[in-house]
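Chain residues, written in single-letter form:
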Amino acid sequence: MGSDSARRGPRGGRRPLWSAVRAVEIPQMNVAEHAAALRRWLAGNADALDEYRQRSPSGIETEVRHDRGLMRLLYDAGWGRMGWPEAAGGLGGPAVLRALLYDELGAAGVEVPEAYVMIETCASLLVEYGKPIAAQHLGAFLRGEEIWAQGFSEPEAGSDLAQLRTRAVATDKGFRLSGQKIWTSMGQFSRWAIVLARTGGPESAHRGLTMLWVDLDAPGVTVRPIEASNGRAEFAEMFFDDVAVPADAVIGEVGGGWAAAMYLLQYERGMYAWLRQSVLRRRLREAAERAEGPIGPAAAAAFGRAIQATAMLRARSRRTVRRLSGGENPGPEISIDKALLGAAEQATYEALRLLYWTGMASGSDPRSMTLREEWFYSRATTIFGGAVDVQRDIVAERVLGLPRVH
Amino acid sequence: MTPGERRMLGEMVTELFAAGRAADVVTELVASGMANEVWSDDEATALVLGAQGAAVATSTLLDHLATGASGPSTGRLVLPALGAAGYAAAPGADEAGCLVVDGIVLAADMTDASRFLIGVGGELVAVAASALAVEPVAGFDPDLRVARVRGRVARATAEAVGGSWSATAARAARGLAFELIGAADAAIARAVRHVMERHQFGRPLAAFQVVRHRLAAAAVAVAGARELALAVGPDVDLDEAVLVVKAAAGRAALIAVQEAQQVCGGMGFTAEFGLHRLVRRVYLLDSLFGGCEAAEVELGELALASGRLPSSPVAL
């Protein structure tokens with residue numbers, strides 16, 4: 001979409017704040033001070049943010065357009081650039097500043113753009129393993145002009161990712177890419193994709209993989225949305241038919257795709273969990289605010305459990321975000337975060353189901369429609385990004401020290 | 001405290017608890033003046049109370065943590081009676097010029113202090129030990145040495161000692177959360193040892209995915225509860241301490257002992273194996289200030305009636 005239509009920043013106020021943001025030395029800035037400044041900005045620009053407070057029940061296309069507008073607004077104000085390297089279009093500072101933005105958006109009653117999830121997964125990888133690519137493209141993503149997708153899962157390689165079969169065959173100019181990716185979030189809206197492909201032999205398992213930066217407008221690429229059980233095209237499948245990929249599109253090293261994927265997964269599991277706790281907490285807060293009439297013990301208990309589960313998730317992912325921000329690798333323990341995330345997601349939407357079942361079952365108002373969609377989506381939170389069953393395998397072996405079995 | 005100091009502290013208390021010298025832990029910490037340093041360090045607090053939980057040990061440590069300076073050198077902290085109505089109702093009540101007390105103390109055999117510290121209304125008061133009836137209740141967890149403390153004294157004889165009941169109860173509840181987490185850790189560790197040693201169908205039990213998943217799920221619940229209890233800090237308010245922090249720890253500990261009992265099979269039910277002591281301890285501690293099941297309902301009702309979440313988000 002054109003950047004002009006997306007440039008709907010807060011009138012007045014924007015420039016002075018922008019200068020103020022530019023003036024500070026972000027890395028030295030205390031996180032609490034930064035949070036206070038962000039809160040002041042969110043409160044001062046409440047009117048401009050109003051159109052971004054609710055998800056759109058009219059379809060994912062509208063929502064993506066919405067996300068782009070909000071990202072542009074946050075980019076212009078500077079907040080959307082903090083925590084990303086200056087060399088890649090950001091304003092520098094530690095990753096914890098990104099986490100702060102997601103948290104404060106939720107606290108201020110603003111929908112956190114879904115596209116930030118893709119930034120956390122794809123861009124976190126690029127700023128470490130693909131600096132030239134990040135330098136060239138991240139600015140466009142942060143401005144809401146481009147979205148990227150993550151191509152890992154395949155029809156025959158879900159939880160057992162190392163069995164993937166999409167092949168990248170070396171040529172004198174780079175690679176020819178062939179295969180199929182599935183469950184790609186926002187794939188149909190994406191301009192580029194990070195694709196994990198096999199460059200080694202068929203038996204090379206996780207050792208023969210390479211991460212590639214793929215142009216989704218290139219000849220031979222087909223992207224098809226998949227309608228999910230909540231009626232929305234939450235994800236897509238991508239087909240690659242002998243697609244030419246240049247040699248400089250390798251993220252990390254040839255054969256180093258598994259390491260790159262594991263690096264990315266820390267952010268997908270850690271920062272994503274943090275982003276979601278902000279959203280879940282907001283959902284619970286707003287549900288409490290509008291609760292009325294007699295509430296049965298089942299709904300009350302479910303609501304109590306949801307508060308506990310999101311509080312645990314917040315405490316846990318707070319530590320992980322700080323570790324990631326400090327350049328530390330949380331290792332296999334991040335599976336605990338992922339498992340707590342699934343539990344918090346499902347506890348929250350089960351509580352909302354019990355509280356607002358009548359509307360959810362029979363209402364056609366926007367809130368009921370959104371709740372239906374989100375409840376269905378919460379069912380998948382123990383599946384995508386590594387099923388909870390796989391996380392338990394990892395915790396059993398790598399955290400509890402039970403013997404490896406196969 | 002530095003990580004090294006914490007490690008030494010952990011080794012010391014674990015060793016003393018294991019040797020059945022819980023009273024010496026209290027002496028070591030209090031006499032050395034280290035107690036306040038421990039209570040102002042979240043990790044160290046978790047370590048000491050956790051070690052007590054893991055060892056199924058019984059001491060006056062919780063009183064020290066909860067009452068701080070006003071505390072146990074001058075009196076034992078009275079907790080709400082088992083089954084008391086309301087999740088953190090003060091054990092004392094004002095009735096026509098009298099203070100009516102109905103509560104419990106833990107580690108009752110260590111009650112050599114001359115006074116009880118009792119929450120009444122919002123405050124904390126001291127009452128002469130001789131004025132109240134102390135009756136041991138062996139019950140569900142005899143190792144905890146619970147005693148019921150009851151009586152009626154002239155209100156004027158109760159001396160205000162400073163400090164509020166809600167802040168004291170909140171610190172006690174968070175201390176119980178750490179103790180529950182320590183007991184849960186010990187149950188999982190005991191079960192892990194068992195499933196590695198015990199073979200059935202030609203394989204160690206640890207090779208069965210269903211066994212692994214039970215223990216992994218318990219470990220996840222315990223990790224979440226621990227992280228929460230650490231993150232909220234010592235000044236957490238009462239609603240959150242009881243209904244969120246302690247209830248989450250209680251729930252995780254119930255899951256841990258339940259899964260441990262299941263995977264330890266028949267052995268886990270023998271007295272010699274010892275798992276039952278953790279089971280008893282966890283269920284008893286969970287029930288203090290009201291158990292985790294009731295807390296879920298009360299928390300939900302509180303949030304939905306007040307229109308706000310009682311827990312304040314931990315700052316990033």
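Residues numbered from 1 in each chain as written. Chains lettered and ligands numbered in written order. Predicted model: local features only at pLDDT ≥ 70, side-chain atom pairs only at ≥ 80, totals over all residues.

**Structural notes on the interface of chain A and chain B**
So, step 1. Contacts between the two partners involve 43 residues from chain A, matched on the other side by 38 residues from chain B.
So, step 2. At the level of elements, α3 (31–44), α6 (96–107), α9 (257–290), α10 (297–325), α11 (334–355) and α14 (388–399) of chain A are the ones that each hand at least two residues to the side of chain A that touches chain B.
So, step 3. Among the elements that line the side of chain A that touches chain B, the one with the most residues is α10(A), at 18 residues.
So, step 4. Residues that form the side of chain A that touches chain B fall into these classes: 30 nonpolar, two polar and 11 charged. (Contact = placed C-beta atoms within 7 Å. Helix = DSSP H or I, 4+ residues; strand = E, 2+ residues; numbered from the N terminus. Nonpolar A, V, L, I, M, F, W, Y, C, P; charged D, E, K, R; others polar.)

**Examining the pairing of strand β7 (residues 235–246) of chain A**
All names here are of chain A.
So, step 1. Direction of pairing for strand β3 (residues 174–185) relative to β7: antiparallel, over a ladder of nine bridges. Bridging from a neighbouring strand, Leu177 pairs with Val243 of β7.
So, step 2. With six bridges joining them, strand β6 (residues 221–226) and β7 adopt antiparallel strand pairing. Considered in β7, the bridge of Pro225 is made with Ala236. (Pairing = 2+ DSSP bridges.)

**Some remarks on the environment of Glu135(B)**
Residue and element names in this part refer to chain B.
So, step 1. Within the secondary structure layout, Glu135 lies in strand β7 (residues 133–137).
So, step 2. Classification of Glu135 by C-beta neighbours within 10 Å gives exposed; the count is 11.
So, step 3. Here the alpha-carbon distance between Glu135 and Arg148, two residues 13 residues apart in the chain, equals 5.2 Å.
So, step 4. Look past the residues within four positions of Glu135 in its chain and what remains in contact with it is Ala147 and Arg148. (Buried ≥ 20, exposed ≤ 12 C-beta atoms within 10 Å, placed from the backbone.)

**Notes on the domain arrangement of chain A**
All names here are of chain A.
So, step 1. You can read the domains of chain A as domain 1 (3–146), domain 2 (149–255) and domain 3 (258–399).
So, step 2. Taking only C-alpha atoms, the centre of domain 2 and the centre of domain 3 are 28 Å apart.
So, step 3. On the side of domain 3, 11 residues touch domain 2, which itself brings 14 residues to the contact. (Domains from an automatic or database assignment.)

**A word on the packing of α10(A) against helix α10 (residues 292–306) of chain B**
So, step 1. Packing of α10(A) against α10(B) brings their axes to within 6 Å, and their N-to-C directions diverge by 90 degrees. Classified by the interaxial angle, the pair formed by α10(A) and α10(B) is roughly perpendicular. Residues Pro297(A), Ala299(A), Ala300(A), Ala301(A), Ala302(A), Phe303(A), Gly304(A), Arg305(A) and Ile307(A) of α10(A) touch α10(B), and the partners they reach there are Ala295(B), Glu296(B), Val297(B), Glu298(B), Leu299(B), Gly300(B), Glu301(B), Ala303(B) and Leu304(B). (Axes fitted to C-alpha atoms, helices over the stretch in contact; angles between N-to-C directions. Parallel < 35°, antiparallel > 145°, perpendicular 65-115°, else oblique.)

**Comments concerning the packing of α10(A) against helix α7 (residues 209–232) of chain B**
So, step 1. One way to put it is that α10(A) packs onto α7(B) with a least axis distance of 8 Å and a crossing angle of 80 degrees. By the angle between their directions, the pair α10(A) and α7(B) is classed as roughly perpendicular. Judged by residue contacts, Ala311(A), Met312(A), Ala315(A), Arg316(A), Arg318(A) and Arg319(A) of α10(A) engage Ala223(B), Gly224(B), Ala225(B), Glu227(B), Leu228(B) and Ala231(B) from α7(B).
So, step 2. Here the contact of α10(A) with α7(B) is built from residues that sort into seven nonpolar, one polar and four charged.

**So, the domain arrangement of chain B**
All names here are of chain B.
So, step 1. Per the domain assignment, the segments making up chain B are domain 1 (3–70), domain 2 (76–163) and domain 3 (166–306).
So, step 2. The distance between the C-alpha centroids of domain 1 and domain 3 comes to 20 Å.
So, step 3. Listed by partner, the interface residues are 16 residues for domain 1 and 21 residues for domain 3.
So, step 4. If you list the elements that add at least two residues to the side of domain 1 that touches domain 3, you get α4 (42–54) and α5 (61–67).
So, step 5. No other element matches the 10 residues that α4 contributes to the side of domain 1 that touches domain 3.
So, step 6. Grouping the amino acids of the side of domain 1 that touches domain 3 by side-chain chemistry returns nine nonpolar, five polar and two charged.

**Let's talk about the confidence of the model for chain B**
So, step 1. Averaged over every residue, the pLDDT of chain B is 94; the share at 70 or more is 97%.
So, step 2. Predicted complex metrics record ipTM = 0.96 and pTM = 0.93. (pLDDT = per-residue confidence, 0-100.)

**A closer look at α3(A)**
Side chains of residues three or four places apart in an α-helix project in the same direction, reflecting 3.6 residues per turn.
Residues and elements named next belong to chain A.
So, step 1. Across its 14 residues, α3 extends 20 Å between first and last C-alpha, which sits within 8% of the 20 Å expected from 1.5 Å per residue.
So, step 2. Along α3, the residues classified as buried are His34, Leu38 and Trp41. Along α3, the residues classed as buried sweep out an arc of 60 degrees about the axis, all on the same side. Exposed side chains of α3 directed beyond 90 degrees from the buried face belong to Ala32, Glu33, Ala36, Arg40 and Ala43. (Expected span 1.5 Å × (residues − 1). Arc of directions from axis to C-beta.)

**A word on the environment of Ala247(A)**
So, step 1. On the secondary structure map, Ala247(A) appears in the loop between β7 and β8 (250–251).
So, step 2. In contact with Ala247(A), not counting residues within four places along its chain, are Lys173(A) and Gly174(A).

**So, the environment of Met71(A)**
Residue and element names in this part refer to chain A.
So, step 1. Along the chain, the position of Met71 falls in helix α5 (residues 60–77).
So, step 2. Assessed through the 23 C-beta atoms surrounding it within 10 Å, Met71 is described here as buried.
So, step 3. Sequence-wise, Met71 and Ala108 are 37 residues apart; in three dimensions their C-alpha atoms are separated by 16 Å.
So, step 4. Once you skip the residues sitting within four places of it in the chain, Met71 turns out to touch Gly80, Pro113, Ala115, Leu142, Arg143 and Gly144.

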